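Chain by chain, the residues:
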Amino acid sequence: MEDKTQTLRHRLTAAVFILLLGGLTLANLLYTPPEISQSERRRLRTRPDLTVSAVLDGQYMTDFEKYAPDSFVLRDGFRTVKAFISRYVLQKLDNSGIVIQNDSAAKLETLDEDAAKRAADRLSRLASRMPEHARLYYAVIPDKSYYMDAFPKADYDHLAQILNVSVGDMTTIDLKPALTESDYYRTDLHWDQSRLTERFLPYLCQSLGITPPSGLRAEVLGDFQGAYAGQAALPLPQDSLSILRGQGIDNLVTRYLDPNTGAMVDGPVYDTDKLASIDPYDVFLRGAQGLVVLDNPDVDTDRELVLFRDSFGSSLAPLLAASYRRVTVVDMRYFVDTALEAYVQPGENVDVLFLYGLQSLNNSDIWRITARR
Amino acid sequence: MLFSSISFLYTYFLPALLCVYFIAPKKWRNMVLLVASLFFYFWGERSYTLLMLASALSGWAGSLLIERFRGRRGAKAALIASLCICFGFLVVFKYTDFFVSSLNSLMRLDWALPRLLLPIGISFYTFQIASYIIDVYRGQASVQRNFFTFFTYVALFPQLIAGPIVRYTTVDQELRERRHSLDGFGTGARRFVIGLAKKVLIANTMYELCKAFYDTTENSVLYAWLYIASYALHLYFDFSGYSDMAIGLGRIFGFHFLENFEYPYISRSVTEFWRRWHISLGTWFRDYVYIPMGGNRVSRVRHVLNILVVWLLTGFWHGAGWSFILWGLYFALLLMLEKFVLIRVLKRLPRVVSHAYTLLVVLFSFVLFDAPSLAMAADRAGRLLGIGADSFAGQWSLYYARSFAIPMLIAIIAATPLPKRLWERWKRTRSGSSALLLLEPLSVAVLLVLVTAYLIDGSFNPFIYFRF
């Protein structure tokens with residue numbers, strides 16, 4: 001009797017295995033995956049082209065191994081299953097480095113010392129290209145996780161020590177006291193622009209020796225899910241995306257470098273159509289741009305700012321532009337340093353601010369900085 | 001190609017192979033397996049497929065010559081020649097850089113390292129071919145005159161790249177004639193899925209903690225202990241999981257491979273540990289090196305030498321580096337210590353003490369095994385003892401201790417026979433037998449879904465023994 005029960009059990013197991021394996025295989029055969037993952041904010045890999053050379057050099061196999069999980073049916077559902085098990089069953093404090101506390105998601109960030117040294121060297125090289133009379137500043141934007149109680153912090157003081165070896169002649173602006181967790185979006189790594197006027201902007205302006213703008217009002221564009229919402233793969237409350245308007249911002253003349261033609265093209269400081277795009281944060285200065293110039297015709301000063309930045313700078317630059325005649329915003333991920341002198345030609349009264357988050361400093365290898373001069 | 005990959009499980013290797021294999025007439029099934037196995041290997045190794053072919057050819061030709069000249073000097077010559085070719089490939093592709101760099105250091109030379117890429121699985125299939133040749137010479141295995149059948153044995157994808165090391169005698173009969181049944185399929189499927197779960201759900205999770213340790217700047221005692229515990233669990237579940245998958249897949253296709261792991265972490269001595277860990281490798285060295293050298297039926301001095309040779313080779317098999325040789329010699333010393341001095345003591349000690357002793361010496365061995373250099377091994381071992389550490393604990397080690405508490409507890413329990421014993425005990429009851437009728441297939445389904453979820457979410461999924 002026991003043998004019969006065992007045999008039946010094994011046969012049921014075989015049937016379940018075949019059904020599951022076969023069912024998912026068939027589903028994948030019939031499924032047409034999307035090109036873009038909205039939740040992950042990236043293009044999903046497409047089926048690689050089957051060519052003799054790609055097979056012989058192994059590239060086809062490598063690409064196919066990446067394509068297979070990307071194109072799997074119910075991909076988002078499976079990712080949520082994994083996140084649920086990780087967080088609620090195994091009680092892990094993070095899922096693939098994403099932590100959630102009080103419905104707010106952040107990424108655990110550690111300091112990569114070697115990367116920080118390379119970043120410091122690159123900052124130093126950029127600084128050497130600026131006019132000698134320029135006032136040089138650098139500031140590191142703390143990651144949101146720094147302000148979350150339950151999680152370990154990256155050592156920003158040690159980072160400052162590393163950076164100071166190469167950029168110690170610049171004025172350091174310590175931003176840690178100027179921000180709190182509530183200044184960041186719940187589901188995104190970035191800060192909420194509408195929250196910056198309360199404490200951060202006055203603090204930064206004081207450090208730069210400029211007057212912060214006043215009378216700004218927040219205009220709510222709509223709700224959105226930030227980058228971490230998709231990475232967390234668990235339901236999180238949506239964020240509200242607001243932009244600041246008012247004197248000093250509304251009349252800004254904004255020009256963007258067209259990478260195809262090399263010409264500067266007019267555009268809005270806030271591209272509100274981007275709210276419906278894959279990354280709503282691109283509302284600010286149209287997201288990934290190599291060079292943006294903001295001219296303020298209303299301000300009574302000849303002071304200029306050159307802002308070397310990452311994506312945090314997109315939402316900050318319009319606020320700073322309210323206090324400068326011109327703000328030139330440079331993102332070295334999309335702008336080659338050999339073109340610096342052609343496009344960045346500040347006058348006699350200029351501040352240069354290097355403003356980066358820890359994630360950018362950990363990944364400065366992608367900055368388009370050519371060999372040392 | 002990895003078993004624990006979407007391309008293997010769903011798109012489309014395994015489903016396609018199962019369809020073709022079970023639809024094909026029985027006399028074609030070995031050929032189906034051979035073609036699938038070659039495709040499987042080619043997917044990852046491309047031109048090295050020819051190397052495997054060459055190695056298999058030399059073994060097969062050698063066995064024919066041994067049979068041809070049986071009883072005469074020519075048989076021994078054929079044995080030696082085919083073993084030299086077989087092991088020659090292994091030495092060239094795996095150990096050349098080691099020998100050249102060692103010579104450079106020793107004799108202050110500056111020879112360039114050839115930097116040959118290591119063919120995946122070469123250590124496994126070389127040992128399989130060698131065991132076949134020797135068994136034929138000894139008259140313990142019958143010659144396989146059909147090269148394709150022999151090549152099927154060598155290239156059989158379930159155990160090709162990560163073992164277990166399957167002796168030809170184990171599968172000889174089944175290569176000629178094997179029985180397939182839904183019952184057997186279900187048994188194999190269950191074992192395969194358990195292996196998948198061990199690898200993807202446990203081993204890969206433990207590796208996250210190892211990786212955090214590799215990348216950290218925190219220098220604390222706690223972090224060092226978290227690392228070595230997670231590494232030990234990662235290594236065990238990675239390797240035993242892969243063995244389970246191999247055994248399960250073999251069963252699906254009608255083969256019965258021998259067990260490769262028997263809960264090694266419950267051992268009460270190093271001697272016992274090596275009877276439970278990577279059993280197929282241990283028995284290989286026992287049958288083809290230790291016993292032919294005389295084993296323990298020789299003088300004490302020769303016995304010690306035999307142990308040292310076996311363990312030097314065992315260490316060297318695991319990696320082309322001095323740390324692996326030292327690792328092997330470390331176990332040689334421990335085994336001799338147990339054999340000649342401690343054996344009576346260990347038997348009298350309370351179980352928990354002998355168990356703790358075994359775990360400790362094994363954990364310290366893994367420090368040497370995993371470290372990229374001897375200096376790093378010394379540093380990490382020191383940290384375990386508080387030497388060179390900045391503190392007992394830091395923010396990251398405390399964080400990871402909290403975060404991995406439950407996964408580690410699950411892994412520790414799963415590394416013991418307790419879950420299996422409880423399952424078996426419950427199965428023997430009437431209520432358990434009825435419940436498990438549905439619960440077991442359901443569990444397999446749940447595990448497969450979870451594995452799929454983890455594979456889709458993660459992309460970093462290497463098998464640690466692939467360097468062999």
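Cut-offs and rules
Residues numbered from 1 in each chain as written. Chains lettered and ligands numbered in written order. Predicted model: local features only at pLDDT ≥ 70, side-chain atom pairs only at ≥ 80, totals over all residues. Heavy atoms only, no water. Helix = DSSP H or I, 4+ residues; strand = E, 2+ residues; numbered from the N terminus. Contact = heavy atoms within 4.5 Å. Pairing = 2+ DSSP bridges. Buried area = accessible area lost by both parts, 1.4 Å probe. Salt bridge = Lys/Arg side-chain N within 4 Å of Asp/Glu carboxyl O. Polar contact = N/O pair within 3.5 Å; in protein donor to acceptor, adjacent residues only side chain to side chain. Nonpolar A, V, L, I, M, F, W, Y, C, P; charged D, E, K, R; others polar. Axes fitted to C-alpha atoms, helices over the stretch in contact; angles between N-to-C directions. Phe/Tyr/Trp six-rings, centres within 6.5 Å; stacked < 30°, edge-to-face > 60°. Buried < 20%, exposed > 50% of the residue type's maximum accessible area, 1.4 Å probe, protein only. Lys NZ or Arg CZ within 6 Å of the ring centre and 35° of its normal. pLDDT = per-residue confidence, 0-100.

1. Section: the environment of B:Tyr236
All names here are of chain B.
Phase 1 of the analysis: Assignment of secondary structure puts Tyr236 in helix H11 (residues 221-252).
Phase 2 of the analysis: Through-space distance from the C-alpha of Tyr236 to that of Gly186 is 25 Å; in sequence the pair is 50 residues apart.
Phase 3 of the analysis: Excluding residues that lie within four positions of it along the chain, Tyr236 makes contacts with Lys198, Gly241, Phe261, Tyr263, Pro264, Tyr265, Trp277 and Ala415.

2. Some details on the sheet that holds strand S4 (residues 98-101) of chain A
In a beta sheet, neighbouring strands pair by backbone hydrogen bonds and run either parallel or antiparallel.
Phase 1 of the analysis: Here three strands make up an open sheet; going across it, the order is S3-S4-S5 (chain A) and the pairing antiparallel. Among the strands making up the open sheet, the edge pair consists of strand S3 (94-95) and strand S5 (104-107) of chain A.

3. Some words on the interface of chain A and chain B
Phase 1 of the analysis: The interface of chain A with chain B comprises 55 residues on the first partner and 53 residues on the second.
Phase 2 of the analysis: Around 5000 Å² of area is buried between chain A and chain B when both sides are counted, 70% of it from carbon and sulfur atoms.
Phase 3 of the analysis: Between the two partners, chain A and chain B, sit four salt bridges.
Phase 4 of the analysis: Among the salt bridges present, the one from A:Lys92 reaches B:Glu208, with a minimum N-O distance of 2.6 Å.
Phase 5 of the analysis: Counting across the chain A and chain B interface gives 14 residue pairs in polar contact (both at pLDDT 80 or more).
Phase 6 of the analysis: Among the elements of the structure, helix H1 (2-30), helix H2 (52-56), helix H3 (59-70), helix H4 (75-89) and S3 of chain A are those that each provide at least two residues to the side of chain A that touches chain B.
Phase 7 of the analysis: The element contributing the most residues to the side of chain A that touches chain B is H1(A), with 19 residues.
Phase 8 of the analysis: For the side of chain A that touches chain B, the per-class residue count stands at 29 nonpolar, 13 polar and 13 charged.

4. Examining unusual backbone geometry
All names here are of chain B.
Phase 1 of the analysis: Across the junction of Thr11 and Tyr12, the peptide omega takes the value 10°, indicating a cis bond.
Phase 2 of the analysis: Of note, the amide linkage connecting Gly163 to Pro164 takes the cis form, showing an omega dihedral of 0°.
Phase 3 of the analysis: Tracing the sequence through the fold places Pro164 in the loop between helix H8 (157-160) and helix H9 (168-176).
Phase 4 of the analysis: Located in the positive-phi region is His278, a residue other than glycine, with phi close to 45°.
Phase 5 of the analysis: Along the chain, His278 turns up in the loop between helix H12 (270-276) and helix H13 (279-290).

5. Digging into the pattern of salt bridges
If charged atoms from side chains of opposite charge come close, those side chains can pair.
Phase 1 of the analysis: Following the criterion strictly, the structure yields 41 salt bridges over all chains and no others.
Phase 2 of the analysis: With a shortest N-O distance of 3.4 Å, A:Asp70 and A:Arg45 are connected by a salt bridge. Here the residue A:Asp70 occupies a position in helix H3, and A:Arg45 occupies one in the loop between strand S2 (42-43) and H2, the gap between them amounting to 25 residues.
Phase 3 of the analysis: Residues B:Arg190 and B:Glu440 are paired through a salt bridge, measuring 3.0 Å at the closest nitrogen-oxygen approach. With a gap of 250 residues between them, B:Arg190 in helix H10 (residues 182-215) and B:Glu440 in helix H21 (residues 430-457) connect regions that are remote in the sequence.
Phase 4 of the analysis: Here the residues in one salt-bridge network are A:Arg42, A:Arg45, A:Asp70 and A:Arg75, joined through shared partners.

6. Some thoughts on the sheet that holds strand S12 (residues 291-295) of chain A
Residue and element names in this part refer to chain A.
Phase 1 of the analysis: As summarised here, the arrangement of the eight strands in space is S7-S6-S15-S13-S14-S12-S10-S11, forming an open sheet in which the pairing is mixed. Since the sheet does not close on itself, it has two edges, and those belong to strand S7 (171-174) and strand S11 (264-267), each with one partner. Averaged over all neighbouring strand pairs, the angle between strand axes comes to 20°, with direction disregarded.
Phase 2 of the analysis: Here strand S10 (residues 253-257) runs beside S12; their pairing, made up of four bridges, is antiparallel.

7. Things to note about the packing of aromatic side chains
Residue and element names in this part refer to chain B.
Phase 1 of the analysis: For the structure on display, the rule yields 96 aromatic pairs over all chains.
Phase 2 of the analysis: Centroid distance Phe13 to Phe40: 5.7 Å. Interplanar angle 55°. Geometry classified as tilted. With Phe13 in helix H2 (residues 13-23) and Phe40 in helix H3 (residues 29-45), this pair connects stretches of sequence that are 27 residues apart.
Phase 3 of the analysis: Judged by its relative accessible area of 8%, Phe13 falls in the buried class.
Phase 4 of the analysis: Each ring, one from Phe213 and one from Tyr227, has its centre 4.3 Å from the other, and the planes form 10°; the classification is stacked. Here Phe213 is found in helix H10, whereas its partner Tyr227 is found in helix H11, with 14 residues between them in sequence. The exposure classification of Phe213 matches that of Tyr227, with both residues buried.
Phase 5 of the analysis: Over the ring of Tyr21 we find Arg29; its NZ or CZ atom is 5.3 Å from the centre of that ring.
Phase 6 of the analysis: The ring of Phe69 is capped by Arg68, whose NZ or CZ atom sits 5.2 Å from the centre of that ring.

8. A word on the confidence of the model for chain B
Phase 1 of the analysis: For chain B, per-residue confidence averages 93 on the pLDDT scale, and 98% of positions sit at 70 or higher.
Phase 2 of the analysis: Scored as a whole, the predicted complex attains pTM 0.91, and scored at its interfaces, ipTM 0.91.

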